[in-house]
Amino acid sequence: MYFGGNKMLILLNSLPVEIENFCRKEAGESSVVSTLDKKDLSYIGEGSHGEVYELTDSTVIKYFNSKGKQGNNFDYLPLKNLQGIAGVPVLYAYCEKEFVVMEKAKGLKLDEYFTTHGRLPSDLKVWLKDLLEEFSKKKWFFDDINIYEDVFITEDKEEMTLVDYSLYLHLPQANENQANRTVESTYNALIENLQMNGYIIE
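Residues numbered from 1 in each chain as written. Predicted model: local features only at pLDDT ≥ 70, side-chain atom pairs only at ≥ 80, totals over all residues. Heavy atoms only, no water.

Caption draft 1: Looking closely at unusual backbone geometry. Residues other than glycine seldom take positive phi values, yet Lys139 does so here, at roughly 70 degrees. Phi at Lys157 is positive, roughly 65 degrees, even though this residue is not glycine. Following the sequence through the fold, Lys157 ends up in the loop between β10 (151-153) and β11 (160-162). (Helix = DSSP H or I, 4+ residues; strand = E, 2+ residues; numbered from the N terminus.)

Caption draft 2: Structural view of the nonpolar core. By size, the foremost hydrophobic cluster in this structure holds 41 residues, and its most contacted members are Leu110, Leu120, Leu124, Phe135, Leu162 and Leu194. If we ignore the near neighbours within four places in the chain, the residues touching Leu110 are Leu120, Leu124, Ile147, Tyr148, Val151, Leu194 and Tyr199. In terms of nonpolar packing, the next biggest core, distinct from the first, is built from 17 residues, Leu9, Leu15, Ile61 and Tyr92 among them. (Core = buried A, V, L, I, M, F, W, Y, C linked by side-chain atoms within 4.5 Å. Buried < 20%, exposed > 50% of the residue type's maximum accessible area, 1.4 Å probe, protein only. Contact = heavy atoms within 4.5 Å.)

Caption draft 3: Representation of the sheet that holds strand β8 (residues 108-109) in the model. Strand order in this open sheet of three strands is β8-β10-β11, and the pairing throughout is antiparallel. Unpaired on one side and paired on the other, β8 and β11 mark the two borders of the sheet. Examined bridge by bridge, β10 and β11 share three bridges and lie antiparallel to one another. Bridge pairing in β11 links Phe152 to Thr161. Strand contacts of helix α4 (residues 123-137): β10 and β11, with the helix running at about 45 degrees to β11, the strand carrying the most contacts. (Pairing = 2+ DSSP bridges. Axes fitted to C-alpha atoms, helices over the stretch in contact; angles between N-to-C directions.)

From the geometry alone we can't say anything about function, so treat these as descriptive.
Okay, here's the thing in structure tokens:
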């Protein structure tokens, strides 16, 4: 853990030295020297809560925008609790209310996969249901059913990854029945939303 001004970088998994130094500099640690600058990073895309840049071939950094800094919808909050679940990227580091560093997903975005192949893999349904159930065991629940740019699928269909964790509800008091009902309704809403928007699943 490193402190810089009123901010701090929390490092959860090791990063290359230059990348770690860059993150520490971005977190405000003035004594850190890094030859890397934000303008040197490759821009990947922008969501409603922030911009994503490539750090390395296997890591990305998401900077929270003004909307992302409102409330308590920070990716690192659920990500910390959901580590180890298949389909959840590794969380490397974060600076509270500023940015999060995570594993870069492999494959194509769901909408790109559909455009390329004309249909989505049948395994997507099983994967989504399993993911929702695993999240619910830790009392985290989806609050977003627009997953077109949030799910990545590899060409061989062997790997699926969910990359956006800004819209989640943490319901620690939810009992098993409530959790099961929430999982079921969310799953149905996700599949219905995909089908209503013309996405064909094998």
